[in-house]
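Residue-level structure breakdown
Chain by chain, the residues run as shown.
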Amino acid sequence: VVLAAVQNDGDAIQFAARALRRDWQIACTAVGSSGSALRFILRGCHTRELVLSAVQRDGENLQYADAQYQNDERIVLEAVTQNAEAYEYASEPLRADPRIAHIAVSGHGETLEHVPERLLRSRRIVMAAVTESGLALRHAPPRFRRDRDIVLEAVRSNGFALRYASDPLRRDPDVVLEAVQNNGFALGHAMGNCTQDRYIVLVAVQQNGMALQFADEACRNDASVVEAAVRQDPNALQYQQLADEGERRRVVERAVANDGVTLQWAPPHLRDDAAIAELALQQTGTALRFASERLRHDISLMILACEHLPDEAGIPFLLQILSPGLSEDVELWWILNGEGEEATFAEALAQIAWVPLEMEDHTFPALGFFYRYFLP
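Along each chain, numbering runs from 1 in the same order as the chain's sequence is written. Local features in this predicted model are restricted to residues whose pLDDT is 70 or higher, and side-chain atom pairs enter the listing and the counts only when it is 80 or higher, whereas totals over whole chains, interfaces and linings include all residues. Only hydrogens and water are set aside; all other atoms, that is, all heavy atoms of the structure, feed into the side-chain values.

Description of the overall build of the protein chain
This is how the line gets drawn: Put simply, DSSP H or I for four residues or longer makes a helix, DSSP E for two residues or longer makes a strand, and each gets a number counted from the N terminus. Relative accessibility decides the category of a residue: with a 1.4 Å probe and only protein chains considered, values under 20% of the type maximum give buried, values over 50% give exposed, and everything between is partly exposed. What sets the accessible areas is the Shrake-Rupley method with a 1.4 Å probe; for residues, cover comes only from the shown protein chains.
Along the backbone of the protein chain there are 23 helices and four strands. Within the protein chain, buried positions represent 52% of all 376 residues. Of the roughly 18000 Å² of accessible surface on the protein chain, 45% is carried by carbon and sulfur atoms.

A short note on the packing of aromatic side chains
Under the convention used in this document: Working definition: rings of Phe, Tyr and Trp (its six-membered ring) pair if their centres are within 6.5 Å, and the pair is stacked with planes under 30 degrees apart, edge-to-face with planes over 60 apart, and tilted otherwise.
A complete count under the given rule lists one aromatic pair for this structure. Considering the side-chain rings of Phe-185 and Phe-214, the 5.2 Å spacing of their centres and the 85 degrees angle between planes classify their relative orientation as edge-to-face. Here Phe-185, found in the loop between α12 (173–182) and α13 (198–207), pairs with Phe-214, found in the loop between α13 and α14 (217–220); they are 29 residues apart in sequence, far enough to count as distant. Judged by its relative accessible area of 26%, Phe-185 is partly exposed.

Focus on the packing of helix α5 (residues 73–82) against helix α7 (residues 98–107)
What counts is decided by this rule: Here an angle of 0 to 180 degrees is reported between the N-to-C directions of two axes, which are lines fitted to C-alpha atoms, with helices fitted over the stretch in contact. Any angle from 65 to 115 degrees is called roughly perpendicular, while one under 35 is roughly parallel, one over 145 is roughly antiparallel, and all others are oblique. For a crossing to be left-handed, the near helix must be turned anticlockwise from the far one by less than a right angle; the clockwise case is right-handed. Here, two residues are considered to be in contact whenever any of their heavy atoms come within 4.5 Å of each other. Residues are grouped as follows: Ala, Val, Leu, Ile, Met, Phe, Trp, Tyr, Cys and Pro are nonpolar; Asp, Glu, Lys and Arg are charged; every other residue, Gly included, is polar.
The N-to-C vectors of α5 and α7 enclose an angle of 15 degrees; their axes lie 9 Å apart at closest approach. On the basis of the axis angle, α5 is roughly parallel to α7. Considering the relative orientation of α5 and α7, their crossing is left-handed. Across the interface between the two elements, Glu-73, Val-76, Leu-77, Val-80 and Thr-81 of α5 pack against Arg-99, Ile-100, Ile-103 and Ala-104 of α7. Partitioned by chemical class, the residues of the contact of α5 with α7 number six nonpolar, one polar and two charged.

See the structure below:
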């Protein structure tokens, strides 16, 4: 029974009796099915063949091996070659082996964290690590964070590695440019005049529009830079500081046409602009909540919002975004008339007649309207 169970799922050996977890045939079958079953085989019952089989399936199974096998060069090489993160579980003498360390950091740069201090003096090992993962730079000694070639390789791999470079290199335009080409957000780790450099900022926002937040004020007042940012991510609108009204309007129009809810980042007077509100609502009806209070009372805009509401939003969402007075009346209307009606909310709104209405004990005080569509 146990043999059949571990053939199907090697980890099932954990539920076997202690004596059966020492059984060679059962142990081999379990590890052959799932290398991680090694952790459930009693320590002292491990064999070289068993451990080798486990790490060939997943190198990290080295962590479950008896200490003598964590100090076995062949087993460790197999483990690290299969999964570089297994390096962490090798014995200290084998982690100090330059060949094993180089294989590990070449497969997973962040394993540089586990490399002994003596090997961290090796430029070859550090370069291999940052080439595979730029963020491995954080585990490098200070002298390599000052090494321009190593830092350049790191930011080409991951722009955020700029964070771990020395201050002089974070001021270096060439290094910063390489970083923002990989990840525009790396601009947030640039120093000196780099955030004022129009070309660097333009490259950054083309890669990630939200990098505009890290740009100097002069760049946020540059129409070409802001337009590039908004084109890449409409939400970058919130960081514009355009002084020219015409440029500001064009940028807002571009943003809301691509993502209506970015209306929330428009200046107050443009959130009160019907033409801009229409652009936003044509993209998504949910943008109505960001229009001015005056426009949220506009029936034509309410109808437009209803026509462009996402399927998952519907009436409950609309009730939340209308002005408080209107929402009371709409909610009351929904309770009285909403269930079972085939008309859409937009169709109902289109039938509004502006006369007071009293229906039994219910009065619509705020706007005094009724829905002719549903009434005789």
